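A look at the structure
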Amino acid sequence: MMNRRNFVLSATALAVASSRLRGQGTAPQHQFPPHELEPVPYIEEVPVPEYHWAPTSSYEAFRDMKFGVRLHWGLYSIWHRGNESWPFLPMSFEDRQKYNDLYKTWNPAGFDADQWISLFDESGMKMFAFTSKHHEGFSMFDTKTRVKQRANWTAAGGPKIESCDLAYSIMETPFRRDVVKELCDAARKRNIKIDLYFSHPEWYDADFRPYVQNPLQVPSSSNLLSPIDIQRTLKSYGGKPVIVADPSPAEVKRMMERHRAQLIELLTNYGRIDMLCLDMYLGHAVWPELRKTILKLREIQPDVMLRQRGIGNYGDYYTPERWVPSSKLDATIPWFVIYPLGTDFSYEPDPAKHKGTAWIISNLADSVAKGGGFMVGVGPSSHGEIHPEAARQMRAAGAWLKVNGEAIYATRPRDDSWSEGESIRYTRTKDRQNVYAIALKWPERELLLTTVKPRPGSAIRMLGYPKPLQWKLDSARGLSIAIPAELQDTAHRPCDFAWSFKIETGNA
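We now turn to the structure provided with this report.

Parameters at a glance
Residues numbered from 1 in each chain as written. Predicted model: local features only at pLDDT ≥ 70, side-chain atom pairs only at ≥ 80, totals over all residues. Heavy atoms only, no water. Pairing = 2+ DSSP bridges. Helix = DSSP H or I, 4+ residues; strand = E, 2+ residues; numbered from the N terminus. Salt bridge = Lys/Arg side-chain N within 4 Å of Asp/Glu carboxyl O. Buried < 20%, exposed > 50% of the residue type's maximum accessible area, 1.4 Å probe, protein only. Contact = heavy atoms within 4.5 Å.

Quick look at the sheet that holds strand β9 (residues 305-306) now. If you walk across this open sheet you meet the seven strands as β9-β8-β5-β2-β1-β11-β10, and the pairing is parallel. If you trace the sheet from one side to the other, it starts and ends with β9 and β10 (336-340), each paired once. Where strand β5 (residues 193-199) lies against strand β8 (residues 275-279), five bridges are found, and the strand directions are parallel. Looking across to β8, one finds that Leu196 is bridged to Leu276.

In structure tokens:
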């Protein structure tokens, strides 16, 4: 086991050098919030001249989607010990070895791509994000790349690196079906956009040591990892990671070639990919090669939107995780909140631990009012099935969107006020002619709004209700909208959970 002091010895020096690198050049207008870039300070703020972000049309389409689903599915779905593949790290060596062999028996016979995508369509979702490969290293697609060495966790005398030759993919399981292809094909039939998640580091291919919380660390880890990843790694192993030999230059080269080849496969073999959801970091030492990969991906699919994780300002969007920003964010960088419907992003077997349709709708309205979108995180079971309670809650959100989608899809945040109090969220049309006030709480007899002025003589409507509503504007009280008596009966309301009011302003 490595001495903790030696492991972190160069962390401070690395942090200083990285901060100096970030200070070079002139920061572009395309700039992520500082907290989003903190783990990757070694990446230049101003991309190289030959780089370009996705075009305006891709950004516009991204901002129009508003609602989607994030699917985590992999070998971790078999044992289901917690949040995705992360439980691998504290496992015993014996369990790690068993885990890595789970693919030999995996046969999720309940998987049906058309059923999944139909569910998402019924739920009003305009995109899906799917884990093509999580940190565990198991590829959920037909990769032609090969893993050449891996850890033998139960070798005599302790864990050792051994030679191998396999794809470590879904095509080597009894299932033998390309899940990514089936999902992409099904999504295109329903005009649902495609986002493929891909983890930069991985824990099966030993060439990828020691990046992030890799179960295999090396004597030079403190020079290869960022300070924040050193801290995370020490925490993961209680300060005692397993230490093996440093990767040779040939192993590093092979790692980056396989990493690049897999990403090229995803952008070559599955048609148009709308978003690529990159995750985690590979460190400053290999950033020049990763940058070459990103340039290559831009060449293959210029329109693809790239998440910024691991590539900093080379990315196009970011994803606040398990939280909704407290206020409206800079609209120059689009974003989607990602938030699990259950306890974690992976499968949740307990129906009581799914957060509910009201939670989905309130967070969706809140995120959209602030300029972003909302992705519900759902993990299918080891059999390939989405929990019935998760499906029920998502379908109910879809029923709400059939009534209120006009106030959500393709809207933009107001320039001045995105909310009033705890229960009102605002959106507007792109042409600024209409404002939508979304009431997250039933307004009873009157909806009172203080920041909206309707165009004189215009009609105000509740979406889903056929009659115009009576209203008056008072300089002291603001806008007062009368709620019809018949709607006090819940059975007569156009929907549950939240209610949208369309207000013609002419200068929204």
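What the rule picks out here adds up to 43 salt bridges. In this structure, Arg190 engages Asp114 in a salt bridge whose closest nitrogen and oxygen atoms are separated by 3.7 Å. Separated by 76 residues along the polypeptide, Arg190 in the loop between α8 (179-189) and β5 and Asp114 in helix α7 (residues 113-122) bring together distant segments of the chain. We classify Asp114 as partly exposed; its relative accessible area is 33%. Among the salt bridges present, the one from Asp316 reaches Arg298, with a minimum N-O distance of 2.4 Å. Here Asp316 is found in the loop between β9 and β10, whereas its partner Arg298 is found in helix α12 (residues 287-300), with 18 residues between them in sequence. By relative accessible area, Asp316 is classed as buried at 0%. Through salt bridges that share partners, Glu60, Asp64, Arg412 and Lys430 make up one connected network.

The next thing to look at is helix α6 (residues 93-100). Here α6 has its buried residues at Asp95, Arg96, Gln97, Tyr99 and Asn100. As for α6, its buried residues are in contact with α5 (76-79) and β3 (147-152).

Sheet topology places strand β14 (residues 434-439) next to strand β19 (residues 499-504); six bridges connect them, and they run antiparallel. Within the sheet, the bridge partner assigned to Val435 lies in β19 and is Ile503. One ladder, built from three bridges, connects strand β16 (residues 460-462) with β19; its direction is antiparallel. The partner of Ile460 across the bridge, within β19, is Ile503.

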